[in-house]
Amino acid sequence: MSKTIYNRIKSVLAEKGKTNKDLADALKIAPETVSSWCTNSAQPSIKRLFEIAIYLDTQAGDLLISIKK
């Protein structure tokens, strides 16, 4: 059974040349929290998703996986 992927945070971090630690430091949160988002073990709140988007200079929707096939 494959794990459902909801977000692209890990991909966008890589595209922007940023690390999990960079994001954690910017948001003043534990690196483990960012790691759980990057592995899709947990998901950020909507508010946090927008904070991540601002930090990564992207649209919040770009951090999510499209449901369209």
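K.L.:
Even after reading the chapter, I still don't get helix 3 (residues 31-38), so can you show me in this structure?
P.N.:
Residues three or four positions apart in an α-helix share a direction because the helix packs 3.6 residues into each turn. For helix 3, the complete set of buried residues consists of Val34, Ser36, Trp37 and Cys38. Where helix 3 is buried, its residues contact helix 1 (9-15), helix 2 (20-27) and helix 4 (46-56). With its phi angle positive at about 60°, Asn40 sits one or two positions after the end of helix 3.

K.L.:
Is there a simple way to think about the packing of helix 2 against helix 4 in this case?
P.N.:
A pair of packed helices is characterised by two quantities: the angle between their axes and the separation of those axes. Relative orientation of the contacting elements helix 2 and helix 4 amounts to 115°, with a least axis distance of 11 Å. When the axis of helix 2 is compared with that of helix 4, the two are roughly perpendicular. The interaxial crossing formed by helix 2 with helix 4 has right-handed handedness. In this structure, helix 2 uses Asp22, Leu23, Ala26 and Leu27 to contact helix 4, whose residues at the interface are Arg48, Glu51, Ile52 and Tyr55. The residue makeup of the contact of helix 2 with helix 4, split by class, is five nonpolar, no polar and three charged.

The rules behind these values
- Residues numbered from 1 in each chain as written.
- Predicted model: local features only at pLDDT ≥ 70, side-chain atom pairs only at ≥ 80, totals over all residues.
- Heavy atoms only, no water.
- Buried < 20%, exposed > 50% of the residue type's maximum accessible area, 1.4 Å probe, protein only.
- Helix = DSSP H or I, 4+ residues; strand = E, 2+ residues; numbered from the N terminus.
- Contact = heavy atoms within 4.5 Å.
- Axes fitted to C-alpha atoms, helices over the stretch in contact; angles between N-to-C directions.
- Parallel < 35°, antiparallel > 145°, perpendicular 65-115°, else oblique.
- Left-handed = near helix turned anticlockwise from the far one by under 90°.
- Nonpolar A, V, L, I, M, F, W, Y, C, P; charged D, E, K, R; others polar.

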